[in-house]
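Reading the structure
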Amino acid sequence: QVQLVESGGGLVQAGGSLRLSCASGRSSSIYAMGWFRQAPGKEREFVASISRGGASTFYADAIKGRFTISRGVGMNTVSLQMNSLKPEDSAVYYCAADSSHVLADSPRFWGQGTQVTVSS
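Before going further, it helps to spend a moment on the nonpolar core. Of all hydrophobic cores here, the largest spans 28 residues; its most connected members are W35, L80, M82 and Y93. For this core, the elements supplying multiple residues, two or more each, are strand 3 (18-23), strand 4 (32-38), strand 5 (45-50), strand 7 (67-71), strand 8 (77-82), strand 9 (91-98) and strand 11 (114-119). Broken down by element, the residue count for this core peaks at four residues, all from strand 9.

In structure tokens:
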């Protein structure tokens, strides 16, 4: 099993940047990983993912061109660099992982979430 711990959330003004990180331990090297988000009153939505080998990345249309997902040294972490943030990006962001080459719609493992609030 894999344990996921997110960090990096916070309050930022529109147009600003934040970098979210997810620590998952050495076992993360065999997992596809990614990020989902959920705003109050809305359903959870996919944000971005990266294949377990790190060769492929996928992005939701809403954030494409503004967010970048990447794996860290030793494949133990995954990060989400968020630039040009908009108020509609405000949500709880969840790190997720699963034992597949690419991340499925319902990953097996989830972090606790980190709050991102973008003010205007």
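What follows picks up the thread again.
Moving on: the sheet that holds strand 8. A sheet is described by the order of its strands in space; here four strands give the open sequence 1-3-8-7, paired in antiparallel fashion. Edge positions in the sheet fall to strand 1 (5-7) and strand 7, since each has one partner strand and no second. Averaged over all adjacent pairs, the angle separating strand axes in this sheet is 15°, with direction ignored. As defined by bridge partners, strand 7 adjoins strand 8 across five bridges and the pair is classed as antiparallel. Counted as the bridge partner of T68 is Q81 from strand 8.

Of note, A32 is situated in strand 4. With relative accessibility at 0%, the residue A32 sits in the buried group. Along the primary structure A32 and E88 are separated by 56 residues, whereas in three dimensions their C-alpha atoms are 26 Å apart. When near neighbours in sequence (up to four residues on either side) are disregarded, A32 contacts I50, S51, R52, R71, A96, A97, D98, S100, H101, V102 and L103.

What follows covers the packing of aromatic side chains. Counting across every chain of the model gives four aromatic pairs. An angle of 85° between the planes, with centres 5.8 Å apart, marks the rings of Y31 and F109 as edge-to-face. Taken together, the residues Y31 in the loop between strand 3 and strand 4 and F109 in strand 10 (residues 109-110) connect sequence positions 78 residues apart. The pair formed by Y31 and F109 is uniform in burial state, with each residue classed as buried. Their ring planes at 85° and their centres at 6.4 Å tell us that Y94 and W110 sit as a pair that is edge-to-face. Note that Y94 is positioned in strand 9 and W110 in strand 10, a separation of 16 residues in sequence. One aromatic cluster is present, built from ring pairs that chain together F36, F46, Y94 and W110. Here the guanidinium or amino end of R44 rests over the ring plane of F36, the centre of that ring lying 5.3 Å away.

Conventions we followed
- Residues numbered from 1 in each chain as written.
- Predicted model: local features only at pLDDT ≥ 70, side-chain atom pairs only at ≥ 80, totals over all residues.
- Heavy atoms only, no water.
- Core = buried A, V, L, I, M, F, W, Y, C linked by side-chain atoms within 4.5 Å.
- Buried < 20%, exposed > 50% of the residue type's maximum accessible area, 1.4 Å probe, protein only.
- Helix = DSSP H or I, 4+ residues; strand = E, 2+ residues; numbered from the N terminus.
- Pairing = 2+ DSSP bridges.
- Axes fitted to C-alpha atoms, helices over the stretch in contact; angles between N-to-C directions.
- Contact = heavy atoms within 4.5 Å.
- Phe/Tyr/Trp six-rings, centres within 6.5 Å; stacked < 30°, edge-to-face > 60°.
- Lys NZ or Arg CZ within 6 Å of the ring centre and 35° of its normal.

Just geometry here; none of it tells us what the structure is for.
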